[in-house]
Amino acid sequence: MNCRINLLLALSVQFVCLVSVLEAYSNGDLTAACSTMAPVHDGTAPSTDPCPYETVPSQTTIVQGGSLTITLRNITTTSFKGYMTMAFDASKSDEAGPVGTFDMPTDGQILSCPDGVNNTISHQDNNSIKKFVQAIWTAPVDFVGSVVFKTTFVRGEAIYWVKEPSTENVAV
């Protein structure tokens, strides 16, 4: 009888852990994807079709420490369910990490990917249909250069585009 109770207790703990992991991914906890910006979808690869979405900065020039609005939107009538956006120094590889900080997006959450704080925005609920998301991005006070925003758009579990560059770079 004692073994049976221990077995039930162990199975219950494993079930709670599994549900917690599944809930985290369905709510868009994408910190595991910070380094690659690729969704953690087993057995899938990014789409090679043209991306039907775009990331548009509101300005092409800002001052150090200045802010602008970025807009994620569909080009066609196709909506998206998930996204992850970061700003990068256009003169360096992505491995140098994101630059600047984001305020809370209109539909999503702020993440702090490694070596930064509030440097990434992402969906929070991948069950909601999105056609338009906006967020404020602030340039670092000590940065001079060109910034490119890169967004991973997710239409569905097996259909996504990774690190799609913004329509224009921003000069800081």
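First things first, this report covers the structure right here in the doc. (Residues numbered from 1 in each chain as written. Predicted model: local features only at pLDDT ≥ 70, side-chain atom pairs only at ≥ 80, totals over all residues. Heavy atoms only, no water.)

The alternating pattern of strand β7 (residues 132-138) places V133, A135 and W137 on a buried face, while none of F132, Q134, I136 and T138, on the opposite face, is buried. Taken together, the 7 bridges between strand β2 (residues 67-74) and β7 define a ladder with antiparallel strand orientation. Its bridge partner being in β7, L72 is matched across the sheet by V133. With 2 bridges joining them, strand β4 (residues 101-102) and β7 adopt antiparallel strand pairing. Paired with F102 across the strands is W137, a residue of β7. (Buried < 20%, exposed > 50% of the residue type's maximum accessible area, 1.4 Å probe, protein only. Helix = DSSP H or I, 4+ residues; strand = E, 2+ residues; numbered from the N terminus. Pairing = 2+ DSSP bridges.)

Take the pattern of salt bridges next. Close approach of charged atoms allows side chains with opposite charge to pair. Overall, the coordinates contain 3 salt bridges when judged by the stated rule. Notably, a salt bridge pairs K150 with D94, separated by 2.9 Å at the nearest N-O pair. Here K150, found in strand β8 (residues 146-156), pairs with D94, found in the loop between β3 (82-89) and β4; they are 56 residues apart in sequence, far enough to count as distant. Accessibility assignment for this pair places K150 and D94 in one class, buried. Each of the salt bridges in this network shares a partner with another, and the network as a whole consists of D94, K150 and K163. (Salt bridge = Lys/Arg side-chain N within 4 Å of Asp/Glu carboxyl O.)

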